[in-house]
Structure formats: C-alpha cells, structure tokens
Amino acid sequence: MDYKIITGVVHVHTLDSDGTKTHEEVAAIAGEVGLDFILFADHMTLQGLDEGKEGFYGDVLALIGYEHNDHDDCNHYLIYENDKVLPASMTAAEYVAAASQAGALGIMAHPDEMRGRDARFRSYPWTDWNVEGFNGMEIWNQMSEWMEGLKFYNQILMVLSPRKWLQSPTSRVRRKWDDINTRRKVVGIASVDAHGFLYRAGPLRLTIFPYKVQFKTLRSHLMLTEPLSRDLETAKKQIYDAIRDCRVFMSNYRWGEAKNFRFEIGNASTSAAIGGEITLEEDTKAIVTIPLVGRIRLIGNGKLMAEKKGKSFEHIITQPGVYRVEVYRGKKGWIFSNHIRVVE
Ligand SMILES: [Zn+2]
Ligand SMILES: [Zn+2]
C-alpha cells in the first residue's frame, strides 16, 4: 500500500483559553510553515467549533477538540470528534469513559509530566492509570519537556533558543506506552501544546515558543490510504481514523524533514505498515528507510532488539510482539514510529 503522508501539529491553544492568537492567525502560521493539518485544543471549551471555525484555511485543515481536566487540574485529556464539553464535575475515569461511549477520540495529554525546580511552574501529570477507554497518549510534549529541563542557571539560554533543548520522549512514558500496547492498540502522538505565552526571566520578557517556532519542532505524520479530501467531513474522518488506527509517526523537524521515513515488517507473502499487523513467518523482517543518516533502533515489546547507524536497516523478526522504531541524530531524538504487531 502506497500511503499518503500528511504532516501536522497536535494540541494547540488559542485566545479561547490560554493561547495568544486566534484560530485564523494560528492556521495562517501553520500554512506558512507548510503543515497540512492542525488540531486545536483549548481548555474546557469548544467555542471555536460552535463558531464554525473548523475547516480549510488555504491548504491547512483545522480541526477543533478541547482539553478536559479534573478538579485538581490533573489528568489533562484531549477530546476530539465530540460536539460538546463534558461536565466539569466528572472524574478522570468518568470523562475518559464518557468520551469513549460517545465515540470520541481521546488522548492523554502530557501524561508523565514532571517539572524542573522552578517553583513558579507546577506539573500537570496523569494520575489515574485505572481509566479505561482512552485511544492514545502524548508520547512527546514539547512544553513538558522544555519545562522539565528548566533550571535557574539555564533559563535565559532556554528561552533564547528553545528548540535546541528538546531531546526525546522520556523513557518513563515510552515504557508505559510499550507496556499498554502489548495488551491493546494505543496511539502515540507528538504534541506542541502551543500557547505562545510570555516568560519572565529577570528583566527579560520574551514570548517563548512563538507558534511559528513551535510548528517547526514536534510534528505528527499521518499515513492516509487516500489523499486528504477537500470535503470537511470526509477529511475529518480520514485524520481521526488514521490516529485511532496508529498510522502515525512523530518527528522533531529541527533535525530534518521526516516525512519520507518508512517502517514496514514484511515476508514473502505480505507486509504491514505502521499501525498494522502481520503473522510471523520464518522470513519475516523489519525494514526501515530514513531520509538522512541517523541511528536507527528497533524496539520490540519495550526492549532494544537491534541498532544501526545509516539510512536503511533490516532485521529478521523471530518473536511475536509489538515493534516500533526510534531514530536519533547524535543524542537528539528525531523520529519515533507507532507499533507494528507481529502475531503467531
Ligand atoms: Zn494540559
Ligand atoms: Zn494544553
């Protein structure tokens, strides 16, 4: 299958909550940096959706969901494909279940968030791991990673060159994600969590991560079976179906354009792409190609199976399990795929 790859950003705030620009302004910026889609999520509001702001802005498809949180402002949850905000009185278990029952797409936001020592910023982690019915989790959240690295001595540097500090998704969240996937399919997404807010460091007041800078970092690439439709309802379904089905890989654009990355597991009779499933045969192997030289790591059931530096990679698969690929450039995480399932 020859997939059409589209690239976008997930988890973007606007003036409807604590962002600093309108939907229209943000969509225009997304167009300038060549994105195909943008998934908005403001806190506890679908005002943009109610005002009819979903749709195409030039070539950029903008879709609108929202970010739910609990009483303690923890368990932030991105809810898409639902036309109303769930009651604020619900617990995390209740809103995850309610979203699932409504047929919505639900993604845990910054689930493993920890922050540095700067007391001005608290963290907003996921705390209730007994919830059932979520579709995905943010594996890589730009704001969380940036905040976690923030120290008193480096804050000026971090504000001045924010993109340089991003490394990779934490091993905590990758472990959890791999573990859940051995039981069921849960998509991993990269989020920008863009607000474009002001940061005060001594006498300086700077906008950290202006939207445009952020849109040139963590991107999610979706693999579509058909080109993205210009019809809103059809296009919407294409995007949400690809996410649900784990036909997703993530990249940090700072280290190179990743859309020509490919990961497949195949044998003489058939092959499976990211999000897919294949039956184990004797000649089953993983095949990876990347557009620039990098360190390619094949992870199976959460463990490193093989590693190689180059632009391509092949490895014979001998065990059933869930397999994914990570690519690094130097120490920096560049590309992270979702899983392919190998079954007996
Ligand atoms: Zn949040
Ligand atoms: Zn947010």
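Here, every reference points to the structure presented above.
Calculation notes
- Residues numbered from 1 in each chain as written.
- Chains lettered and ligands numbered in written order.
- Predicted model: local features only at pLDDT ≥ 70, side-chain atom pairs only at ≥ 80, totals over all residues.
- Helix = DSSP H or I, 4+ residues; strand = E, 2+ residues; numbered from the N terminus.
- Buried ≥ 20, exposed ≤ 12 C-beta atoms within 10 Å, placed from the backbone.
- Contact = placed C-beta atoms within 7 Å.
- Core = buried A, V, L, I, M, F, W, Y, C linked by C-beta atoms within 7 Å.
- Expected span 1.5 Å × (residues − 1).
- Pairing = 2+ DSSP bridges.
- Arc of directions from axis to C-beta.

Caption draft 1: Fine view of the overall build of the protein. Summing up its helical and strand segments, the protein has 8 helices and 20 strands in all. Split into buried and exposed, the 344 residues of the protein put 44% on the buried side. A fraction of 70% describes how many contacts in the protein between residues 6 or more apart in sequence connect residues 24 or more apart.

Caption draft 2: Expanded view of the nonpolar core. Ile38 and Val248 are the most contacted members of the largest nonpolar core, which has 88 residues in total. Setting aside its immediate chain neighbours within four residues, valine 248 contacts Val187, Gly188, Ile189, Ser220, His221, Leu222, Ala242, Ile243, Ile274 and Asn338.

Caption draft 3: Structural detail: helix H8 (residues 232-244). Over its 13 residues, H8 extends 18 Å from the first C-alpha to the last, a length consistent with the 18 Å expected when each residue adds 1.5 Å. Taken as a whole, H8 has its buried residues at Ala235, Gln238, Ile239, Tyr240, Ala242 and Ile243.

Caption draft 4: Up close: the pairing of strand S7 (residues 136-141). Most of S7 is tucked away: 6 of the 6 residues are buried. In terms of strand pairing, strand S6 (residues 105-108) meets S7 through 2 bridges, oriented parallel. In the sheet register, isoleucine 107 faces S7, and the bridge partner there is glycine 136. Here S7 runs beside strand S8 (residues 187-191); their pairing, made up of 5 bridges, is parallel. Each residue of the ladder has a partner; that of asparagine 141, found in S8, is serine 191.

Caption draft 5: Representation of unusual backbone geometry within the structure. The backbone of methionine 44 sits at a positive phi, close to 55°, despite the residue not being glycine. One can find methionine 44 in the loop between strand S2 (37-43) and helix H2 (47-50). The backbone phi angle of cysteine 246 is positive, close to 65°, even though this residue is not glycine. Within the secondary structure layout, cysteine 246 lies in the loop between H8 and strand S12 (248-252).

Caption draft 6: Structural detail: helix H3 (residues 92-101). Those residues of H3 that fall on the buried side of the exposure criterion are Ala92, Tyr95, Val96 and Ala99. One side of H3 carries all its buried residues, which in axial view fall inside an arc of 100°. The secondary structure elements touched by the buried residues of H3 are strand S4 (60-68), strand S5 (77-80) and S6. Looking one or two places after H3, you find glycine 103, whose phi comes out positive at around 80°.

Caption draft 7: Layout of the pairing of strand S19 (residues 332-337). Summarising burial for S19: 5 of the 6 residues are buried, a large majority. Relative to S19, strand S18 (residues 321-329) is paired through 4 bridges, and the arrangement is antiparallel. For valine 327, the partnering residue across the bridge sits in S19 and is isoleucine 335. Linking S18 back to S19 in an antiparallel pair, the connection comprises 2 residues, with glycine 330 at a positive phi of about 65°.

Caption draft 8: Examining the environment of glycine 321 more closely. Tracing the backbone shows glycine 321 in strand S18. A C-alpha to C-alpha distance of 7.0 Å links glycine 321 and threonine 182, two positions 139 residues apart in sequence. Among residues more than four places away in sequence, those in contact with glycine 321 are Gly300, Asn301 and Val342.

Caption draft 9: Quick peek at the environment of phenylalanine 40. By secondary structure assignment, the location of phenylalanine 40 is in strand S2. On the basis of neighbour counts, which here come to 30 C-beta atoms within 10 Å, the residue phenylalanine 40 falls in the buried class. Along the sequence, phenylalanine 40 and aspartate 193 sit 153 residues apart, while their C-alpha atoms lie 9.3 Å from each other. Discounting residues that sit within four places of it in the chain, phenylalanine 40 has contacts with Val12, Thr14, His23, Gly48, Ala62 and Ile64.

Caption draft 10: Seen up close, the environment of alanine 242. As for its position among the elements, alanine 242 is in helix H8. Judged by the 23 C-beta atoms lying within 10 Å of it, alanine 242 is buried. Sequence spacing of alanine 242 and histidine 221 is 21 residues, and the spatial spacing of their C-alpha atoms is 9.8 Å. Contacts of alanine 242, omitting those with residues within four sequence positions, involve Leu222, Met223, Leu224, Arg247 and Val248.

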